[in-house]
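# Structural characterization, general
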Amino acid sequence: MREIDIKFNVPPYVDKAADYIQECVKNQKICGDGEYTKKCNAWIEERTGAGKCLLTTSCTHATELAALLCNIQPGDEVIMPAYTFVSTADAFVLRGAVPVFVDIRPDTMNIDETLIEDAITEKTKAIVPVHYAGVACEMDTIMDIAKRHNLKVVEDAAQGVLASYKGKALGTIGDFGAYSFHETKNYSMGEGGALLIRDKKDVEEAEIIREKGTNRSKFFRGQIDKYTWVNYGSSYLPSDMNAAYLYAQLEIADEINEARLACWNRYYEQLLPLKKAGKIDLPTVPEGCVHNAHMFYIKARDLEQRTRFISYMKENGVLTVFHYIPLHTSPAGQKFGRFHGEDRYTTRESERLVRLPMYYGLTLDQVDFICGLVKNFFELEEQ
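Keep in mind it's a predicted model, so treat the numbers as computed, not measured. (Residues numbered from 1 in each chain as written. Predicted model: local features only at pLDDT ≥ 70, side-chain atom pairs only at ≥ 80, totals over all residues. Heavy atoms only, no water.)

## A closer look at the side chain of Ser 217
Relative to the elements of secondary structure, Ser 217 occurs in helix H7 (residues 216-220). Discounting residues that sit within four places of it in the chain, Ser 217 has contacts with Glu 207 and Glu 211. (Helix = DSSP H or I, 4+ residues; strand = E, 2+ residues; numbered from the N terminus. Contact = heavy atoms within 4.5 Å.)

Have a look at this one:
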């Protein structure tokens, strides 16, 4: 088998990152909440309109923080899709809650908003929409349901940085939002994330939990003359060196976004004839949603065809991957959660979907090469 010529993902890197990291070292401030952490927080707040942004060590930890701020207790139920990464459920399972999985929409792979209300019980405390591929869930409907049933909304916007719904940044619509800056995301700090807080009344509690249960943040702002342990908490602060790596990308965020969108649009343009011929399905971006080219995927006919496709692409030097195994079919999902209603699409669509390479630095020529292989594969399938 030939070596891989085109990787599935290459972590984003900007030359200034090395200078910024070196500056952290020179200033002898490499722990959390240093200069670059503050710069990243301020940038995200300005670009999204969030009431507050707190950089974290991961999107997982941002979601855990949100679960704590929602006061999730043992036995509470939290509604979410099963087609998501394990962290979406883990954050609430750690609090003793029961994930209640509902089916997805086949067009966006997002939670089917029309099925949420039927899954609500007297134990339901929150809804967790997951904005798959940076394409927004139907948030007007979800927020209306949450308001009528007095539920919290935690947006899993891990893939949604610089994406929006009807003019509102993903992660800022619900009570809380969680971003990911993992190395596979559009903007990266290696491992990292951010908690977005809509209502400023929740900020002080969030800062305390994030700072090991202390009021240290108020101390550093000069609001108190000493800090102490005031509540439960943990350590969710990333190193300022990680934040420095990220900030170099945020400075050119629009350039990165435009480059990714150019590749996404080329993929769509090149592969549209296959869709029109009924050989594949392509991503759908509903009206009112602005995506961020986080990923480009196609859907094969079934699991067997997808398996052949991935092998064919690898044999020709291109790495493609499938995504989540639905959580309700996993051992932990069966132990901790339950699926409400019928699984019409979650399993079936998850078995068809395959992701093509997408990263900052991917060239249009490489996209054309990949699309050529995709076309060749489906031609061979007809023979």
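## Examining the state of the cysteines
One pass over the structure, following the stated rule, counts zero disulfides. For the unlinked cysteine Cys 24, the closest cysteine sulfur is that of Cys 40, found at 9.8 Å. We note that Cys 59 lacks a disulfide partner, and the nearest cysteine sulfur, in Cys 53, lies 12 Å from it. (Disulfide = S-S within 2.5 Å.)

## Comments concerning the sheet that holds strand S7 (residues 168-169)
The strand order across the open sheet formed by three strands is S7-S6-S10, and the pairing between neighbours is antiparallel. In this open sheet, the two edge strands, each paired with only one partner strand, are S7 and strand S10 (289-290). Where strand S6 (residues 164-165) and S7 come together, two bridges link them in antiparallel fashion. Opposite Ser 164, over in S7, you have Ala 169 as the bridge partner. (Pairing = 2+ DSSP bridges.)

## Quick word on the pattern of salt bridges
Counted under the stated rule, the structure contains 24 salt bridges. Between Glu 113 and Arg 105 there is a salt bridge, with its nearest N and O atoms 3.2 Å apart. The pair formed by Glu 113 and Arg 105 is uniform in burial state, with each residue classed as buried. Here Glu 117 and Arg 148 are joined by a salt bridge, their closest N and O atoms 2.6 Å apart. Placement of the pair is Glu 117 in the loop between strand S3 (98-102) and strand S4 (124-127) and Arg 148 in helix H5 (residues 139-149), with a sequence separation of 31 residues. Owing to a relative accessible area of 31%, Glu 117 belongs among the partly exposed residues under this scheme. Where salt bridges share partners, they join Asp 281, Lys 299, Arg 348, Glu 349 and Arg 352 into one cluster. (Salt bridge = Lys/Arg side-chain N within 4 Å of Asp/Glu carboxyl O. Buried < 20%, exposed > 50% of the residue type's maximum accessible area, 1.4 Å probe, protein only.)

## Observations concerning helix H6 (residues 203-210)
Burial analysis of H6 places six of its eight residues in the buried class, which makes it a mostly covered element. Of the residues making up H6, those classed as buried are Val 203, Ala 206, Glu 207, Ile 208, Ile 209 and Arg 210. Summarising the contacts, the buried residues of H6 are in contact with helix H2 (35-48), strand S1 (52-56), helix H3 (59-69), strand S9 (193-197) and H7. Two residues or fewer past H6, Lys 212 is found with a positive phi of approximately 65 degrees.

## A look at the sheet that holds strand S8 (residues 176-180)
Here eight strands make up an open sheet; going across it, the order is S1-S9-S8-S5-S4-S2-S3-S12 and the pairing mixed. A strand with exactly one partner marks an edge of an open sheet, and here the two such strands are S1 and strand S12 (338-339). By the bridge criterion, two bridges tie S3 to S12 in an arrangement that is parallel. Across the sheet, residue Val 100 finds its bridge partner in S12, namely Arg 338. Contacting S1, strand S5 (152-156), S8 and S9, H3 runs over the sheet at an angle of about 170 degrees to S8. In the packing of H6 onto the sheet, the strands contacted are S1 and S9, and the crossing angle to S1 comes to about 10 degrees. (Axes fitted to C-alpha atoms, helices over the stretch in contact; angles between N-to-C directions.)

## Re the pairing of S8
With five of five residues buried, S8 is to be regarded as a mostly interior element. Residues Phe 176, Ala 178 and Ser 180 point to one face of S8 and Gly 177 and Tyr 179 to the other, with burial holding for every one of them. The pairing of S5 with S8 spans three bridges and is classified as parallel. What sits directly across from Val 154, in S8, is Phe 176. As paired strands, S8 and S9 are joined by five bridges and run antiparallel to one another.

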